[in-house]
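The lines below spell out each chain.
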Amino acid sequence: MPMQVTGARESRRGRRSKRTKATQSPEPPSPPPPASPLAAAGEMSSATRPSRQTDFARFPSSTPIVIDNGSSTFRIGWAGEADPRVAFRNVVQRPRHRSSGETVTIVGDTDPTLMKYFDCTRSTVRSPFDDDVVYQFEYMEYILDYGFDRLGATSEVSHPILMTECECNPSFSRARMAELLFETYGVPSIAFGIDNAFSYKYNQKLGNCGEDGLAVSCEHGTCHVVPFLKGQPVLGACCRTNVGGFHITDFLRQLLSLKYPYHTASITWEKAEELKKEHCYIAPDYMSELQIFKNNKEEAEEKTRYWQLPWVPPPKEELPSEEELARKAALKEKAGQRLREMAAAKRSQKIVDLEKQLSYLEELMDQLDEAEESEATAILGRSGYLSQQEIKSAISKATQSLRKAKGESNGNEEKEDAGVDKYPLVSVPDEMLTQEQLKEKKKQILLKTTTEGKIRAKQKRAEEAALREKQEEQRRAENPELYLEELRARYSELSEKFEQRKRQKVNGSQTNGNHSAVGRGERLNAAQKERMRLLTSAAFDRGKGEDTFGMRDEDWLVYNKMSKGNDDDGNEDDESELIRIASKLQEIDPTFVSKSEAVQPTPEPPKVRPLTAEDYRIAIGIERFRCPEVLFQPGMIGIDQAGIDEMVSISLRRLMEDESIKERLCQSILVTGGSSLFPGMIPRLESGIRQFRPYLAPLKLVRAADPILDAWRGAAAFAASSKFGKHTFSLADYREHGENLFHRYNIVYTL
């Protein structure tokens, strides 16, 4: 795994001799054979790691170093060789070590077995490129450090450099790159060349294309079309679209993440890149291919590929044996016996406590009976009770609790409660009571008056109900059919009213001054305000003297008025009336069924289906050709630019030549770049270009011999030629002319 550990940022000149060696890791096993040409081109994955070369000192200082600085892959090697020595992804990541906290710089591909030792939550993969132009030279320096280190350099790189770049690279990017190579690595001279031009010239040498032609390059971040006349690129007529292999991979990742949101963590960018190389293809006709997946299920199933995620089947539940059931029953019985023993001990302790309390209260009553009046008051003060009646009430309650704890309840508690005076201070004169006892007496008077008023109201309602029952029996005897219709109408009215009140409690149906819904909270607030007003007015009417509210029966009318604003009381009355009418209807009409008794279908709980292997299987069907289609229709991902077939027409229009030259160019179209390896690319591109050419115009497209490595091989052949030295510039030239040097800098491509 290509990794490089660095500390704080050092000066460029200080880093020449302090470049840290890459962390070594064991060599991985050889990868399986690739499934497609695109996968073969992408064998440079996380499983491979470039080894450090040991023959750097064997090459003389005049031998140039060739660098193919692609936005996807960085390749470096020696001029004149057939293949680059080192190749890795052109990315940088700077996570922190989990144990030491040191920032670690990882260049190129990552090894998952080693990444577990680093915290990558705050670090993302960074690229020095933005649309094939180098902008982040800090990351570019990390990549060059690692590339020269893998090539075998120890301190300064005293070799000429030939570096590839994109078409029409900005002058400031060239100047910053030259400054970096001169000042940091001590490079004696530099030359820049276009990667597509080197690929075209290399294939021209192989006989795949002519001296005049077009180079269509489908790269990682962009696509270019460059016309060639007399073997040299015409940069004024080149065309570019900011769509490439990166956008295809990202589009595939997004589609699969939206299709399978529960497996987003598994659909990483690296996995999407692998799926793209293995399964994606270019459809000959995009709309026809869509119709196949829409109508022809059998053919669509044949074209669908599946990716099985790791899945472990859940363990099957086996029925417990008889021995297991007996063991669980014994454990359950043992736990129940322990709970019963704890409950018995708790009940015994409660009985002991109640007997002690009852004994204490009886002794206290005996002391009060034998003591005089002054001593009785002192005894009551020490005991905390206000009167003997309160002590008797406590004795009665303790006796009932003791009988209940012993299981001796005989149903006489209500009679005993009736015999006990709940309000003992009401009949005691005020002169015999203290201030606290007087306050308690007022409370008891209020409670007694309220209770008696409720009892009288209940008796009155019972009398009214009996009278109403008698009148209804008379109406029923006179006209049974009319009586039944009245009952049904009354039942419907109360049912609707009851349901409406339920809805009001939840949503609110009244409106305030702003015509907005008023919920239960606002209505209750209004009722509370009304009760407070009534209480305030009642206290004001009595004057500022002694508070005797509750002494008279008329005070109960205040509570009647207060209860009118409460929705719950009316709700209970309506509910009881509804139940009574329903019972009457059932008595008269046996077929009547009340709404409360009607069987309402209860929604079944959602059934939980156990997960299977299919739930962890990702189908890649329409995505196989939909993602690469962005090369021809960039608008699918929101990029308003021309596709690569239309770019050829645009480049030919920019070329100010006659039609015969354009026909000659169209007879030698070279398709290169990593994205040109998609199956079906050449036929689809040819059919797209024919739409912009005259009828029966000659057209010939050919794929490069090796779309991935031809650019580096062409550059290596150019650097090994005798004319290479004429196209380089030194540090002295750069210091003399500055950035103006790159405005007119252009090499002549000859092999």
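Since the model is a prediction, treat every value here as computed from it, not as a measurement.

### A few points about the overall build of the protein chain
- Assigned secondary structure in the protein chain consists of 24 helices and 22 strands.
- Of the roughly 43100 Å² of accessible surface on the protein chain, a fraction of 52% belongs to carbon and sulfur atoms.

### Thoughts on the pattern of salt bridges
- Evaluated as defined, the whole model comprises 31 salt bridges.
- Ionic pairing is found between aspartate 149 and arginine 150, a salt bridge with its closest N-O pair at 3.3 Å.
- Each of Glu469, Glu472, Glu473, Arg580 and Lys584 takes part in salt bridges that share partners, so that together they form one network.

### Quick word on the side chain of histidine 727
- Here histidine 727 lies in the loop between helix 23 (710–720) and strand 22 (729–730).
- Residue histidine 727 is classed as buried on the basis of its relative accessible area of 13%.
- Sequence-distant contacts of histidine 727, defined by excluding residues within four places in its chain, comprise Ile190, Ala191, Phe718, Tyr745, Ile747 and Val748.

### Side note on helix 10 (residues 322–370)
- In this model helix 10 runs 71 Å from its N-terminal to its C-terminal C-alpha over 49 residues, within 8% of the 72 Å that 1.5 Å per residue would give.
- Against the buried residues of helix 10 lie helix 11 (373–383) and helix 12 (388–406).

### Details of a negative patch on the surface
- On the surface, Glu362, Glu363, Asp366, Asp369 and Glu370 cluster together into a negatively charged patch.
- Mapped onto the elements, aspartate 366 comes out in helix 10.
- Under the relative-accessibility criterion, aspartate 366 is labelled partly exposed at 45%.

### What about the packing of aromatic side chains?
- As enumerated under the stated definition, the model contains 21 aromatic pairs in all.
- Judged by centre distance (4.2 Å) and plane angle (5°), the rings of tyrosine 200 and phenylalanine 228 are stacked. A residue pair is termed long-range when its members are at least 10 positions apart, and tyrosine 200 in helix 5 (residues 195–206) and phenylalanine 228 in strand 13 (residues 223–229) qualify at 28 residues. Both residues of the pair, tyrosine 200 and phenylalanine 228, belong to the buried class.
- A cation over a ring is seen here: arginine 617 above tyrosine 306, with NZ or CZ 4.2 Å from the ring centre.

What counts, and where the lines are drawn
Residues numbered from 1 in each chain as written. Predicted model: local features only at pLDDT ≥ 70, side-chain atom pairs only at ≥ 80, totals over all residues. Heavy atoms only, no water. Helix = DSSP H or I, 4+ residues; strand = E, 2+ residues; numbered from the N terminus. Areas by Shrake-Rupley, 256 points an atom, 1.4 Å probe, with all protein chains shown as cover. Salt bridge = Lys/Arg side-chain N within 4 Å of Asp/Glu carboxyl O. Buried < 20%, exposed > 50% of the residue type's maximum accessible area, 1.4 Å probe, protein only. Contact = heavy atoms within 4.5 Å. Expected span 1.5 Å × (residues − 1). Patch = residues over 30% accessible without salt bridge, like charges linked within 9 Å, V, L, I, M, F, W, Y side chains within 5 Å. Lys, Arg positive; Asp, Glu negative; His and termini not counted. Charge placed at Lys NZ, Arg CZ, Asp CG, Glu CD. Phe/Tyr/Trp six-rings, centres within 6.5 Å; stacked < 30°, edge-to-face > 60°. Lys NZ or Arg CZ within 6 Å of the ring centre and 35° of its normal.

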